[in-house]
Protein chains: 2
Amino acid sequence: MAARGGCKAVVADKWSMRVVSDLGAGPRRFTDLKRGLEGISQRMLTVTLRSLERDGIVTRTVLQVMPPNVTYELTPMGTAMLEAATPLLRWSTDYLPRITEARADYDARPGD
Amino acid sequence: MAARGGCKAVVADKWSMRVVSDLGAGPRRFTDLKRGLEGISQRMLTVTLRSLERDGIVTRTVLQVMPPNVTYELTPMGTAMLEAATPLLRWSTDYLPRITEARADYDARPGD
DNA sequence: CGGAATCCCGCGAGATACTG
DNA sequence: CAGTATCTCGCGGGATTCCG
């Protein structure tokens, strides 16, 4: 998916799907998103949001005040993407236990 | 999705989804997969397949002959994953033109 | 608050060579 | 054919600092 030229594909990116998923619940501010995404650095959130904005997945709305107020929101295209991704997200949560189990089995095998 | 401990998540990996997608059409041999995946190196295909096997997404069947004959195939879990991913795969092909366009727009903007 | 800029390190991954 | 082993390099991404 659109992976040419060193730019990362949306779905092949570690954080993009999670950000989009979080934004599915409605518009969020930068700091709120950061709080929700355990383990993301400030830099990566910025980079991820810029990329999503560039791809037309989210909009960025700046209120010129002090302190700044920046809100992110899914575009219709972003909403469509989240809807398309929902079955896979469900699969990942449903099957996580089985994957964990499969890994344990694999790692426990004689392995020569 | 199962991203703890330095192991890469299946969907957040550059090649996993494409391999699974290719295997959706039926069992394939190593070299056939490699031919189908433009740009993948031999090493990355090996690594990707090992990871998918470990996660219980594909099976690896070895015929002990010379030259070797190794066939990969989706497990039921792998098939379930592919089915869950289908809407997102469709989205990505459907919307690729719009993403490309959005990027061009973004890059063409005054940019301050 | 929401960034941008800079520094820096580890690992992701290509290239190449060797094997059952 | 289908790998493994090694070496190497680039860049993904964390930590830190500064700014409007």
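All figures in this text were calculated on a predicted structure; none of them were measured in a lab.

**Q** So what about the interface of chain A and chain B? Which residues, and what values?
**A** Contacts between the two partners involve 32 residues from chain A and, on the opposite side, 32 residues from chain B. With both sides pooled, the region where chain A packs onto chain B buries about 3,000 Å², and carbon together with sulfur makes up 69% of that total. Along the contact surface separating chain A from chain B lie five salt bridges. Note that Arg109 of chain B and Glu53 of chain A form a salt bridge whose closest N and O atoms lie 3.9 Å from each other. Counting across the chain A and chain B interface gives eight residue pairs in polar contact (both at pLDDT 80 or more). Within the residue set of the side of chain A that touches chain B, elements represented by two or more residues are helix H3 (42-54) and helix H4 (76-108) of chain A. The greatest single-element share of the side of chain A that touches chain B, amounting to 17 residues, is contributed by H4 of chain A. Its residues assigned to classes, the side of chain A that touches chain B comprises 19 nonpolar, two polar and 11 charged.

**Q** Any chance you could break down H3 of chain A for me, citing the residues and the numbers?
**A** With 13 residues, H3 of chain A should cover 18 Å at 1.5 Å per step; its first-to-last C-alpha distance of 18 Å lies within 8% of that length. All of the buried residues in H3 of chain A are Leu45, Thr48, Leu49, Leu52 and Glu53 of chain A. Down the axis of H3 of chain A, the sector holding all buried residues measures 135°, keeping them to one side. Elements in contact with the buried residues of H3 of chain A: helix H1 (16-23), helix H2 (30-36), strand S2 (58-63) and strand S3 (69-74) of chain A together with helix H4 (76-108) of chain B. Just past H3 of chain A, the residue Gly56 of chain A takes up positive phi, approximately 80°.

**Q** Please give an account of the sheet that holds strand S1 (residues 28-29) of chain B that cites residues and values.
**A** All names here are of chain B. Pairing is antiparallel across the open sheet formed by three strands, whose spatial order is S1-S3-S2. The open sheet terminates on both sides in strands that have one partner only, identified here as S1 and strand S2 (58-63). Here two bridges tie S1 to strand S3 (residues 69-74), and the two strands are oriented antiparallel to one another. Each residue of the ladder has a partner; that of Arg29, found in S3, is Thr71. The sheet contacts of helix H3 (residues 42-54) involve S2 and S3, and relative to S2 the element is tilted by about 115°.

**Q** Could you give an account of unusual backbone geometry, with specific residues and numbers?
**A** Across residues other than glycine, the phi torsion is negative in most instances, and most of the peptide bonds are trans. That bond from Met66 of chain A to Pro67 of chain A is cis: its omega, -5°, falls within 30 degrees of zero. Within the secondary structure, Pro67 of chain A is located in the loop between S2 and S3.

**Q** Which residues make up the side chain of Thr75 of chain A, and what values do they have?
**A** Residues and elements named next belong to chain A. Tracing the sequence through the fold places Thr75 in the loop between S3 and H4. Residue Thr75 is classed as buried on the basis of its relative accessible area, which comes to 12%. Discounting chain neighbours no more than four positions away, the residues touching Thr75 are Gly56, Ile57, Val58 and Thr59.

**Q** Any chance you could break down the relation of the copies chain A and chain B for me, citing the residues and the numbers?
**A** For the pair of chain copies, the relating operation is a rotation around an axis with a shift along it. Its rotation angle being 180°, the transformation that places chain A on chain B also includes 0.0 Å of axial translation and leaves an RMSD of 0.1 Å. In short, the pair behaves as if placed about a two-fold rotation axis. Relative to the rotation axis, the closest C-alpha in chain A is found at Ala12 of chain A, a distance of 2.2 Å. Mapped onto chain B, 100% of the interface residues of chain A again fall at the interface, so both copies present the same surface.

**Q** Could you give an account of the packing of helix H1 (residues 16-23) of chain B against H3 of chain B, with specific residues and numbers?
**A** Residue and element names in this part refer to chain B. Between H1 and H3, whose axes approach to 10 Å, the crossing angle comes to 75°. What the angle tells us is that H1 and H3 run roughly perpendicular. Mapping the contact onto sequence places Ser16, Val19 and Val20 in H1 and Leu45, Thr48, Leu49 and Leu52 in H3. The class makeup of the residues in the contact of H1 with H3 is five nonpolar, two polar and no charged.

**Q** Go over the protein's contact with DNA strand D with me, naming the residues and quoting the values.
**A** Near DNA strand D, the surroundings consist of 16 residues, among which Ser41 of chain A together with Thr31, Gln42, Arg60 and Tyr72 of chain B are the closest. At the protein interface, 67% of the atoms of DNA strand D within 4 Å belong to sugar or phosphate. Residue Arg60 of chain B places a side-chain N or O atom 2.5 Å away from a phosphate oxygen belonging to DNA strand D. No other element matches H3 of chain B, which puts three residues into the surface near DNA strand D. Looking at side-chain class alone, the surface near DNA strand D contains seven nonpolar, four polar and five charged residues.

Conventions we followed
- Residues numbered from 1 in each chain as written.
- Chains lettered and ligands numbered in written order.
- Predicted model: local features only at pLDDT ≥ 70, side-chain atom pairs only at ≥ 80, totals over all residues.
- Heavy atoms only, no water.
- Contact = heavy atoms within 4.5 Å.
- Buried area = accessible area lost by both parts, 1.4 Å probe.
- Salt bridge = Lys/Arg side-chain N within 4 Å of Asp/Glu carboxyl O.
- Polar contact = N/O pair within 3.5 Å; in protein donor to acceptor, adjacent residues only side chain to side chain.
- Helix = DSSP H or I, 4+ residues; strand = E, 2+ residues; numbered from the N terminus.
- Nonpolar A, V, L, I, M, F, W, Y, C, P; charged D, E, K, R; others polar.
- Expected span 1.5 Å × (residues − 1).
- Buried < 20%, exposed > 50% of the residue type's maximum accessible area, 1.4 Å probe, protein only.
- Arc of directions from axis to C-beta.
- Pairing = 2+ DSSP bridges.
- Axes fitted to C-alpha atoms, helices over the stretch in contact; angles between N-to-C directions.
- Least-squares fit on C-alpha atoms with pLDDT ≥ 70 in both.
- Parallel < 35°, antiparallel > 145°, perpendicular 65-115°, else oblique.
- Near = heavy atom within 4 Å.

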